[in-house]
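A closer look at the structure
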Amino acid sequence: MRMHRRSFLQLTALAGGGLALGLYRSPLAAAQSPEKPPELTPQAFIHITPDGAVTIMARASESGQGMRNMLPMLIAEELDVDWKDVRIQQADLNEKIYGRQFSGGSANTPMGWEPMRRVGAAGRQLLVTAAAQTWAVPAAECTTQSGRVMHAASGRSASYGEFAAKAAALPAPDLSTVKLKDPKDYCIIGHSQQGVDTRKIVTGKPLFGIDVQLPGMLYASIEKAPVFAGKVKNANLDEIKALPGVRHVLVIDGGITPAAFTPWEPGMEPGIAIVADTWWQAQQARRKLKVDWDLGPAATQSSQGFATKAAELLKAPPESTVRRYGDTDAALKSSAKVVEATYEFPFIAHVTMEPQGATAHWKDGKLEMWSPSTLPADGCALVAKTLGIQESDITTHMVRSGGSFGRRLQNDYLVEAAWIAKRVDAPVKLLWSREDDIAHDPFRPGGTVGLKAGLDAQGKMSVWRQHFVTFGDGKHATSGGGIGQDAYPAGFPPAYALYTSMQPLMLRTGALRAPGDNAYCWVAQSFLDEVACAAGRDPLDFQLDLLSNKQMPWSSGEHDAVGDHEPTGQSVLIPERYKGVLELVAEKSGWAHRTKAPGRGMGIAAWFCHLGYFAEVADVSVDDQNRVTVHHVWAVGDVGSQIINPNAAESMAQGGIMEGMGHLGQEITLKDGQIEQSNFHNYPLMRMRQVPKIEVYWRKTDYAPTGLGEPTLPPILPAVGNAIFAATGKRIRTLPLQRSGFSWA
């Protein structure tokens with residue numbers, strides 16, 4: 001995922017009858033290479049009315065990570081107002097004012113931690129200065145609390161609202177000079193705050209993209225080919241146009257040519273859009289469509305074909321070397337024991353609770369959109385390119401989405417809504433069905449990994465060799481199918497090699513929560529457990545021993561530490577933090593004193609991604625029919641010195657664990673180019689009765705806080721798999737569980 005961050009920020013003051021705080025700060029990082037966009041210092045605005053009401057703009061899109069809470073909390077803390085008195089307003093898309101507006105990559109926390117607090121502190125300083133000038137007293141003698149300025153010597157006290165207008169006229173202070181609170185004085189940060197949208201969510205109030213209502217709005221539904229990018233040859237369009245409520249029937253060419261590599265944003269898939277007075281009428285009309293499709297070359301693809309080709313590629317010499325150090329061939333030959341295994345993981349769909357869709361209105365040559373995208377600026381650019389208009393002619397309102405998990409980083413549904421809206425004389429809401437959402441998802445790509453590891457006479461790892469078979473055209477891996485040079489355990493074995501080979505894929509793929517890591521962690525941590533077992537050693541001790549090795553230098557090539565957008569460098573993965581979460585989760589779970597009995601076992605795993613560290617232990621039982629029950633999960637996270645909103649953090653950890661458990665039982669398969677799954681009956685989610693007790697603990701370390709969207713998920717897959725091995729002696733090397741002979745109880 002590329003986040004095209006600007007190398008500068010400009011914040012503009014907006015007058016509004018009170019204080020509209022606009023601040024400018026130089027970027028934190030200089031521009032880097034195109035492969036590694038520079039860091040962006042984000043911004044926010046504080047609005048204070050004369051009556052003292054405080055509104056903080058939520059600049060980021062929201063799909064469940066809590067950005068509408070977390071970023072404003074940072075500002076409110078340093079502004080020194082009570083959270084209960086703060087109103088949150090969702091910003092429209094305007095990156096000239098608000099900076100990069102996105103949610104993804106667990107990046108808003110590390111990117112916003114210091115800048116957002118400094119914005120709040122600068123706002124407080126302006127108000128204190130205005131009060132001091134009004135009262136003719138030294139600013140240093142003034143204090144603040146709960147949205148008021150106080151001067152103890154004279155006994156004066158007044159609401160922020162009384163100084164809002166005067167503060168607005170003052171020059172903004174240099175953000176680097178403003179004084180930040182001592183963490184011991186935090187009243188908002190580190191204290192659980194209810195989500196600003198929680199009441200609306202639990203009472204069913206309109207909030208999400210699917211809830212948008214406009215006067216005179218029409219509804220659209222799109223029929224697409226059962227095979228990726230199949231085109232319409234002919235259809236009974238005149239018959240459909242005559243059906244009740246149908247206003248328009250539009251053929252979408254789409255412009256996608258199936259090839260071995262499909263770009264991140266290929267545009268619209270071909271199809272037929274039906275626009276009607278109600279969505280139900282549009283759906284009913286779809287059922288009567290009779291389409292003759294040109295399915296194209298993608299119809300030759302199948303899951304069985306992928307598996308056969310992957311097996312062939314594993315037997316052949318690797319096509320590419322991602323990273324290699326030491327003489328792995330010699331190390332394997334001289335090893336006292338060699339462990340070898342092949343791991344396979346499937347394609348997976350995102351299945352957000354709210355299927356894809358958006359609302360758009362074309363009027364007088366300009367477009368207005370209601371976007372649930374988590375990369376709304378990228379969506380705006382794609383829409384402008386597709387429609388042949390300027391981005392400045394598009395107004396984008398950011399609305400909450402009912403889940404993303406990486407799905408709404410791509411903007412095909414947004415382009416579809418805009419394309420349809422330009423062709424009809426009314427606002428249009430496009431809604432996908434659940435079946436559309438599964439069949440036309442940008443899937444997490446599957447993969448096959450051949451592994452070899454060597455052990456010396458003391459049972460220590462001497463070499464690790466990995467051959468990753470993914471998808472692509474030989475030069476470019478499909479979206480979500482690449483791997484970074486420093487993917488763990490790179491840097492720790494004395495000799496190491498990571499190779500890749502690719503097979504073509506005519507299908508859209510993308511980023512799924514913890515992109516790449518959601519599969520690589522399962523592979524690496526499962527195989528580490530397997531190697532530890534072969535060495536006759538405790539898996540925890542074996543991995544702590546490996547992490548104690550002297551690290552090889554981090555690579556400095558085009559790939560970064562985790563294969564997406566994180567910084568490279570020796571400080572990225574810190575072994576002490578990795579070991580710290582492993583040791584603490586072992587303590588909390590009673591790992592050293594675990595009982596070993598037939599049918600019951602515990603598994604341990606850890607991972608570093610998106611700047612966060614998580615270790616997890618699963619307690620699992622397996623009955624005589626190989627039905628798996630996860631009874632208890634212990635999780636320990638290290639995401640720095642502060643947990644900004646504890647309740648939300650715990651929920652994110654629990655949600656990541658539950659989603660990761662779901663991945664263990666899910667797969668997308670193809671036959672004759674068609675997706676075989678269609679809804680939750682054959683693409684199951686975890687049920688409430690299957691959710692274990694989950695205990696979450698935090699290991700606070702002296703590092704700036706980082707995000708929680710991704711790092712909670714990956715370790716649960718190998719933790720459960722390793723526990724199944726401990727319970728049964730059977731190793732899970734193929735996902736989903738069904739393909740290894742297991743199922744959920």
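A brief look at the structure comes next.

Conventions we followed
Residues numbered from 1 in each chain as written. Predicted model: local features only at pLDDT ≥ 70, side-chain atom pairs only at ≥ 80, totals over all residues. Heavy atoms only, no water. Helix = DSSP H or I, 4+ residues; strand = E, 2+ residues; numbered from the N terminus. Rg over C-alpha atoms; globule rule 2.2 N^0.38 Å. Contact = heavy atoms within 4.5 Å. Areas by Shrake-Rupley, 256 points an atom, 1.4 Å probe, with all protein chains shown as cover. Pairing = 2+ DSSP bridges. Axes fitted to C-alpha atoms, helices over the stretch in contact; angles between N-to-C directions. Buried < 20%, exposed > 50% of the residue type's maximum accessible area, 1.4 Å probe, protein only. Salt bridge = Lys/Arg side-chain N within 4 Å of Asp/Glu carboxyl O.

A few words now on the overall build of the protein chain. Within the protein chain one finds 17 helices and 28 strands. A compact globule built from 745 residues would reach a C-alpha radius of gyration of about 27 Å, and the protein chain, at 27 Å, matches this within 12%. With respect to the three principal axes, the spread of C-alpha positions in the protein chain is 80 × 70 × 45 Å. Long-range contacts, defined as pairs at least 24 residues apart, comprise 79% of the intrachain contacts of the protein chain with a sequence gap of at least 6. Per element, the accessible surface of the protein chain, about 28,700 Å² overall, is 50% carbon and sulfur.

Looking now at the sheet that holds strand β14 (residues 337-345). Sheet architecture is open: 5 strands sit in the order β13-β21-β20-β19-β14, paired in mixed fashion. The strands lining the two open edges of the sheet, one partner per strand, are β13 (320-325) and β14. Each neighbouring strand pair of the sheet contributes to a mean axis angle of 10°, computed without reference to strand direction. As paired elements, strand β19 (residues 447-455) and strand β20 (residues 461-471) share 8 bridges and run antiparallel to each other.

Successive side chains on a regular strand alternate, one facing one side of the sheet and the next facing the other. The element strand β21 (residues 495-503) is largely enclosed, with a buried count of 9 among its 9 residues. Burial along β21 is two-sided: the residues Ala 495, Ala 497, Tyr 499, Ser 501 and Gln 503 and Tyr 496, Leu 498, Thr 500 and Met 502 are all buried. Relative to β21, β20 is paired through 9 bridges, and the arrangement is parallel. Each residue of the ladder has a partner; that of Val 463, found in β21, is Ala 495.

A word on the pattern of salt bridges. Summed over all chains, the structure comprises 32 salt bridges. Residue Lys 366 pairs with Asp 393 through a salt bridge whose shortest N-O separation is 2.8 Å. Taken together, the residues Lys 366 in strand β16 (residues 366-371) and Asp 393 in the loop between α10 (376-387) and β17 (394-398) connect sequence positions 27 residues apart. The class of Lys 366 is partly exposed, set by a relative accessible area of 46%. A salt bridge links Arg 407 to Asp 412; the shortest N-O distance between them is 3.0 Å. The pair Arg 407 / Asp 412 is uniform in exposure class, with both members buried. One network of salt bridges, with partners in common, ties together Arg 407, Asp 412, Asp 441 and Arg 508.

As a further point, take the sheet that holds β17. Spatially, 7 strands are ordered β10-β11-β8-β18-β15-β16-β17 in an open sheet, and the strand pairing comes out mixed. Both outer strands of the open sheet, β10 (246-252) and β17, are each paired with one neighbouring strand and no more. Each neighbouring strand pair of the sheet contributes to a mean axis angle of 20°, computed without reference to strand direction. Relative to strand β11 (residues 271-276), strand β8 (residues 218-223) runs antiparallel, the two sharing 5 bridges. Its bridge partner lying in β11, Ala 220 is registered against Val 275. Strands β8, β10, β11, β15 (357-363), β16 and β18 (428-431) of the sheet are contacted by helix α11 (residues 412-421), whose axis makes an angle of about 30° with β15.

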